[in-house]
Amino acid sequence: MTDPFKQLHDAMEEFSAERDWDQFHSPKNLAMALTVEAAELQECFQWLTEAQSRELDEQQLAAVRDEIADVQLYLVRLAGKLNVDIEAACRAKMEKNAEKYPVEEVRRSTAKYTNFMSNG
């Protein structure tokens, strides 16, 4: 795990140990908790228009920041439990996405990569 994620991982390990929560932090439980936090992030934008979602007031933005942090912290905790280097995994996934979504074929398109796969 690279430095910024390692620091968060270590802080989360300490936070959890102090509360004796490690017993609850199985990969399954952390993944489930992550989906709850992601839903709470979505809730911050529920019923907003596209324009409103881009121009949050300070109270709305504070709520979004908290939920983004919750999502990230659960991801860091889950990655730590499974010995996944988040930065390396993200870079590898970006490489895969670059292959699935060639710039010249997908520019300005929201279609799924399967629509761009070679027919030959």
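Here the structure is shown first, and the text comes after it.
Treat the numbers as computed from the prediction; the structure is a model and nothing was measured. (Residues numbered from 1 in each chain as written. Predicted model: local features only at pLDDT ≥ 70, side-chain atom pairs only at ≥ 80, totals over all residues. Heavy atoms only, no water.)

Here's the deal with the overall build of the protein chain
Step number 1: Scanning the protein chain from terminus to terminus reveals 6 helices and 0 strands.
Step number 2: Secondary structure elements of the protein chain, listed N to C terminal, follow the sequence α-α-α-α-α-α.
Step number 3: Taken over C-alpha atoms, the radius of gyration comes to 18 Å for the protein chain, far larger than the 14 Å a tight globule of 120 residues would show.
Step number 4: Each principal axis of the C-alpha distribution contributes one length, and for the protein chain these read about 55 × 35 × 25 Å.
Step number 5: The buried share among the 120 residues of the protein chain stands at 18%.
Step number 6: Intrachain contacts of the protein chain at a sequence separation of at least 6 include 61% that bridge at least 24 residues.
Step number 7: Roughly 9200 Å² of accessible area belongs to the protein chain as shown, and the carbon and sulfur atoms make up 54% of that amount.
Step number 8: In the protein chain, the 14 positive side-chain charges and the 23 negative ones have mean positions that sit 7 Å from each other. (Helix = DSSP H or I, 4+ residues; strand = E, 2+ residues; numbered from the N terminus. Rg over C-alpha atoms; globule rule 2.2 N^0.38 Å. Buried < 20%, exposed > 50% of the residue type's maximum accessible area, 1.4 Å probe, protein only. Contact = heavy atoms within 4.5 Å. Areas by Shrake-Rupley, 256 points an atom, 1.4 Å probe, with all protein chains shown as cover. Lys, Arg positive; Asp, Glu negative; His and termini not counted. Charge placed at Lys NZ, Arg CZ, Asp CG, Glu CD.)

Digging into the packing of aromatic side chains
Step number 1: The tally for this structure, following the rule as stated, stands at 1 aromatic pair.
Step number 2: Each ring, one from Phe 15 and one from Trp 21, has its centre 5.6 Å from the other, and the planes form 70°; the classification is edge-to-face.
Step number 3: On the basis of relative accessibility, which here comes to 35%, the residue Phe 15 falls in the partly exposed class.
Step number 4: The exposure class assigned to Trp 21 is partly exposed, which follows from its relative accessible area of 34%.
Step number 5: Sitting over the ring of Phe 15, Arg 19 keeps its end group 3.5 Å from the ring centre.
Step number 6: Geometry around Trp 21 places Arg 19 over its ring, the cationic atom sitting 5.9 Å from the centre. (Phe/Tyr/Trp six-rings, centres within 6.5 Å; stacked < 30°, edge-to-face > 60°. Lys NZ or Arg CZ within 6 Å of the ring centre and 35° of its normal.)

Some details on the pattern of salt bridges
Step number 1: Taken as a whole and assessed by the stated rule, the structure comprises 8 salt bridges.
Step number 2: Measuring nitrogen to oxygen at the nearest pair gives 2.6 Å for the salt bridge that ties Glu 58 to Arg 65.
Step number 3: Through salt bridges with shared partners, a single ionic network connects Glu 13, Asp 22, Arg 77 and Lys 81. (Salt bridge = Lys/Arg side-chain N within 4 Å of Asp/Glu carboxyl O.)

Some points on the packing of helix H1 (residues 3–19) against helix H4 (residues 58–81)
Think of two packed helices as two axes; the pair is described by the angle between the axes and how far apart they sit.
Step number 1: Between H1 and H4, whose axes approach to 9 Å, the crossing angle comes to 90°. Viewed along their axes, H1 and H4 adopt a mutual orientation that is roughly perpendicular. Facing H1, whose interface residues are Phe 5, Leu 8, His 9, Met 12, Glu 13 and Ser 16, H4 presents Gln 72, Leu 73, Val 76, Arg 77 and Gly 80.
Step number 2: Residues of the contact of H1 with H4, tallied by class, amount to 5 nonpolar, 4 polar and 2 charged. (Axes fitted to C-alpha atoms, helices over the stretch in contact; angles between N-to-C directions. Parallel < 35°, antiparallel > 145°, perpendicular 65-115°, else oblique. Nonpolar A, V, L, I, M, F, W, Y, C, P; charged D, E, K, R; others polar.)

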